[in-house]
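Take a look at the letters that make up each chain.
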Amino acid sequence: MIPLVTASGLTKNYGDLVAVAGIDFEIQEGECFGFLGPNGAGKTTTVRMIHCVSPVTSGTLTVGGLPASIDNRAVKMMTGVIPQEINLDNDLTVQENLVIFARFFDIGRREARARIAELLRFVELEAKAGSKISELSTGMKRRLLIARALINRPRLIVADEPTTGLDPQARHLIWQRLRQLKSQGTTLVLTTQYMEEAQQLCDRIVVMYQGKILKEGIPAKLVEEEIGREVVEIRIPPEEDGKVLAELSAFPCVHERVGDTLYFYCRDGHALMRKLIELDLPNTLNRPATLEDVFLKLTGRSLHE
Amino acid sequence: MSLSYRIAYVFLRNLYSYKRFIVPTFLVSLVEPLFYLITFGVGMGAYMGAFGGKPYLHFLVPGVLVSAVMMSSSFECLYGTFIKIVHEKVYDSLIATPVSADEAVAGDIVWGSFRGLVSGTLMMAVALAMGVAPASPFRFLLLLVFMVFIGILFGSLAMIVTSVAPSFDFFSYYTELVVTPMLFFSGVFFPLERFPGWMKTLAEFLPLTHAVRISRAVFTGEPAAGLGWSFAGLLVLAAVVFTISIRMMRKRLIK
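Residues numbered from 1 in each chain as written. Chains lettered and ligands numbered in written order. Predicted model: local features only at pLDDT ≥ 70, side-chain atom pairs only at ≥ 80, totals over all residues.

Let's shift gears to the overall build of chain B. When helices and strands are tallied, chain B shows ten helices and two strands. The linear arrangement of helices and strands in chain B, starting from the amino end, is α-α-β-β-α-α-α-α-α-α-α-α. Since a compact globule built from 255 residues should have a radius of gyration of about 18 Å, the 18 Å found for chain B is in line with a globular shape. For chain B, buried positions account for 46% of its 255 residues. Considering only contacts in chain B between residues 6 or more positions apart, those separated by 24 or more positions represent 81%. (Helix = DSSP H or I, 4+ residues; strand = E, 2+ residues; numbered from the N terminus. Rg over C-alpha atoms; globule rule 2.2 N^0.38 Å. Buried ≥ 20, exposed ≤ 12 C-beta atoms within 10 Å, placed from the backbone. Contact = placed C-beta atoms within 7 Å.)

The next subject is the overall build of chain A. A count of helices and strands for chain A gives eleven helices and 14 strands. Counting only C-alpha atoms, chain A reaches 75 × 45 × 35 Å along its principal axes.

Residues and elements named next belong to chain A. Phi angles above zero are rare outside glycine, and Asp106 is one such case at about 60 degrees. For Asp106, the position within the fold is in the loop between α3 (94-104) and α4 (109-122). Residue Asp106 is classed as partly exposed on the basis of its C-beta count, with 14 C-beta atoms lying within 10 Å. Residues other than glycine seldom take positive phi values, yet Glu124 does so here, at roughly 55 degrees. Along the chain, Glu124 falls in the loop between α4 and α5 (138-149). C-beta crowding within 10 Å serves as the criterion here: with 13 such atoms nearby, Glu124 is assigned to the partly exposed category.

Our focus in this paragraph is the interface of chain B and chain A. Tallying the contact residues gives 20 residues for chain B and 24 residues for chain A. When residues of the side of chain B that touches chain A are traced back to their parent elements, those giving at least two are α1 (7-18) and α4 (90-95) of chain B. Examining the composition of the side of chain B that touches chain A, we find that five residues originate from one element, α1 of chain B, more than from any other. Its residues assigned to classes, the side of chain B that touches chain A shows nine nonpolar, five polar and six charged. (Nonpolar A, V, L, I, M, F, W, Y, C, P; charged D, E, K, R; others polar.)

All names here are of chain A. Read across the sheet, four strands follow the order β2-β1-β4-β5 without closing on themselves; strand pairing throughout is antiparallel. Edge positions in the sheet fall to β2 (17-28) and β5 (66-67), since each of these pairs with one other strand and no more. Note: strand β1 (residues 3-14) against β2, nine bridges, orientation antiparallel. Bridging from a neighbouring strand, Ala7 pairs with Phe25 of β2. The strands that helix α1 (residues 43-50) touches are β1, β2 and β4 (58-63); relative to β1, the one it contacts most, it runs at about 120 degrees. (Pairing = 2+ DSSP bridges. Axes fitted to C-alpha atoms, helices over the stretch in contact; angles between N-to-C directions.)

Quick look at the sheet that holds strand β12 (residues 254-258) of chain A now. Residue and element names in this part refer to chain A. Pairing is antiparallel in the open sheet, where four strands are placed in the order β12-β13-β11-β14. Each edge of the open sheet carries a strand with a single partner, namely β12 and β14 (284-288). Mean inter-strand twist for the sheet, computed between neighbouring axes without regard to direction, equals 20 degrees. Its contacts with the sheet place helix α10 (residues 269-279) against β11 (230-234), β13 (261-266) and β14, and it is angled at close to 20 degrees to β11.

Core analysis: the biggest nonpolar cluster contains 148 residues, and Ile50, Ala147, Val158, Leu188 and Val189 of chain A together with Val64 and Ile150 of chain B have the highest contact counts within it. Here this core gets 17 residues from one element, more than from any other, and that element is helix α3 (residues 56-87) of chain B. (Core = buried A, V, L, I, M, F, W, Y, C linked by C-beta atoms within 7 Å.)

Now for the packing of α3 of chain B against helix α6 (residues 137-164) of chain B. All names here are of chain B. At a minimum axis distance of 8 Å, the contact between α3 and α6 shows a crossing angle of 35 degrees. For the element pair α3 and α6, the recorded crossing hand is right-handed. In contact with Val66, Val69, Met70, Ser73, Ser74, Glu76, Cys77, Leu78, Thr81 and Phe82 of α3, α6 contributes Met147, Ile150, Gly151, Phe154, Gly155, Ala158, Met159, Val161 and Thr162. Class assignment for the residues of the contact of α3 with α6 results in twelve nonpolar, six polar and one charged. (Left-handed = near helix turned anticlockwise from the far one by under 90°.)

With that out of the way, let us pick up the environment of Val105 of chain B. Residue and element names in this part refer to chain B. Along the chain, Val105 falls in helix α5 (residues 101-129). Look at Val105 and you get buried, because 33 C-beta atoms sit within 10 Å. Excluding anything up to four places from it in sequence, Val105 contacts Met159, Ser245, Ile246 and Met249.

An α-helical turn contains 3.6 residues, so any two residues separated by three or four positions project in the same direction. All names here are of chain A. Buried within α10 are the following residues: Gly269, Leu272 and Leu276. Down the axis, α10 shows its buried residues gathered within 65 degrees of arc, on one side only. Exposed residues lying more than 90 degrees from the buried face of α10 are His270, Arg274, Ile277 and Glu278. Two residues or fewer after α10 comes Asp280, characterised by a positive phi angle close to 60 degrees. (Arc of directions from axis to C-beta.)

Time to look at the packing of helix α9 (residues 207-220) of chain B against helix α10 (residues 227-253) of chain B. Residues and elements named next belong to chain B. Axis separation between α9 and α10 bottoms out at 9 Å; the angle between their running directions is 130 degrees. On the basis of the axis angle, α9 is oblique to α10. The hand of the α9/α10 crossing is left-handed. On α10, the residues that touch Pro207, His210, Ala211, Arg213, Ile214 and Ala217 of α9 are Leu227, Ser230, Phe231, Gly233, Leu234 and Leu237. Residues that form the contact of α9 with α10 fall into these classes: eight nonpolar, three polar and one charged. (Parallel < 35°, antiparallel > 145°, perpendicular 65-115°, else oblique.)

Residue and element names in this part refer to chain B. Here Ala211 is to be found in helix α9. Taking the C-beta count within 10 Å as the criterion, Ala211 has 30 such neighbours and is therefore assigned buried. Each C-alpha atom, one on Ala211 and one on Ile152, is 12 Å from the other, the two residues being 59 residues apart in sequence.

This next bit is on the environment of Leu166 of chain A. All names here are of chain A. Of note, Leu166 is situated in the loop between β7 (156-160) and α6 (168-183). Expressed as a C-alpha distance, the spacing of Leu166 and Thr6, which sit 160 residues apart in the sequence, is 32 Å. Not counting residues within four places of it along the chain, the set of residues in contact with Leu166 comprises Thr138, Gly139, Arg142 and Arg171.

A separate point is the confidence of the model for chain B. Residues and elements named next belong to chain B. Model confidence for chain B is summarised by a mean pLDDT of 92, while 100% of its residues fall at 70 or above. For chain B, the element scoring lowest by mean pLDDT is strand β1 (residues 50-51), at 74; α6 scores highest, at 97. For this predicted complex, the interface confidence reaches an ipTM of 0.89, while the overall pTM sits at 0.90. (pLDDT = per-residue confidence, 0-100.)

Shown next as structure tokens:
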């Protein structure tokens, strides 16, 4: 299969700052590909290069076989962008926002009218067609951004943190819609900081940190390989570490202390847990390993500012 | 430069947005000329006797006409565009579509010129109501075309300022130190002949001086010396500032 997006040695510098430091990846047609990483990791910069609004400093990047250079209209024609920031046109109504976007994509009036009706149904905003943008909730605005991104029936959708600032209902509705699009064969490129979002939507992810790709893989497999199946958290003062670790030395678990918590990454957390109950430690938790553990392990637990 | 018919889409977007502000902007565009024409034209004109055999108002109108175009197109490309870039993020969403950054900027310059044309036309309507009319209907049409051109020139100049503006306050430098002085040194309100030599020379470097000269000649039908040079100079200047404004805005928009 020919990949829809190919990057090799992709680099982006802003002056002296290296935002993306020579990364390679391939995105297959029809998959959902996620960029994960803390703030400033280079996710947004990477997707902005994919949809041709930010010039590539060096390396190659192609979309649908075409070079993703600035103002490559052919790439923009087949791409839909759901931006991180809500940049709807506040001077225009919901309907007008879509009408004017249809014009930008050379879509004729009649065709635009049909698509807009269909898209407003798709994102459940039919009743809001005549509303001003200021009258919409954040969730509605995000849904309208999705409708707007679909106006040109894109082959590729670039969604940059599409559910930031949403309540769970709104978030799940957006996930459903994105999955629906994927099932129709649309390729999805997603950036997110929500691990649950990546697990819900992505077939493959890369974890980015300081402009580089640290890991690439299928979410469930990455968790299995990097962490194991289960995590046990024990909240005890650091002075007691020695004592507890001595008791638990028989278990094949990797451990790590972060702040007030001792983490154990295990294949079999149950046996460890039974031992902990025996030790009668008050503050313990046994849970399945998640992508969040992978993320924190790879990018470190300290704050990224 | 990457310019195409898509400039019209940007213009259309602005027209959609304008619908909501059309009444207040019309009112402002009407009050401003009334203010100029009544205070200067009627009030001051009463003390000034005849200018070349006609009342002062006839001298004033052609100059105020192009000044109004300059003001409207400048303000639209300063404040209007800045809001669209920084506050409303309209440009961000625009350049993610097949519309290029160059087209977005050119579309806004054309839009600024349109706003100038609206102001100029309203001003003309007020002047007509006061009995001051261009020498012929053909000259009236010619003036409309000239106003569009002047709007593009001053819109582009303002766009250069916008391309480097960190905030709204920055615009005061341009409006207070360039635009407003130009209004008084370009022969809008009185002829330049009585200025000392160096001031006359300075005035020749102001684009508005040439715009006023052409406007007055077209309006009255009385030929003036050096009109061809004035027009050629403005044409070259417009081409240069238009190109520079798009280059500089591209630098601001594409990172």
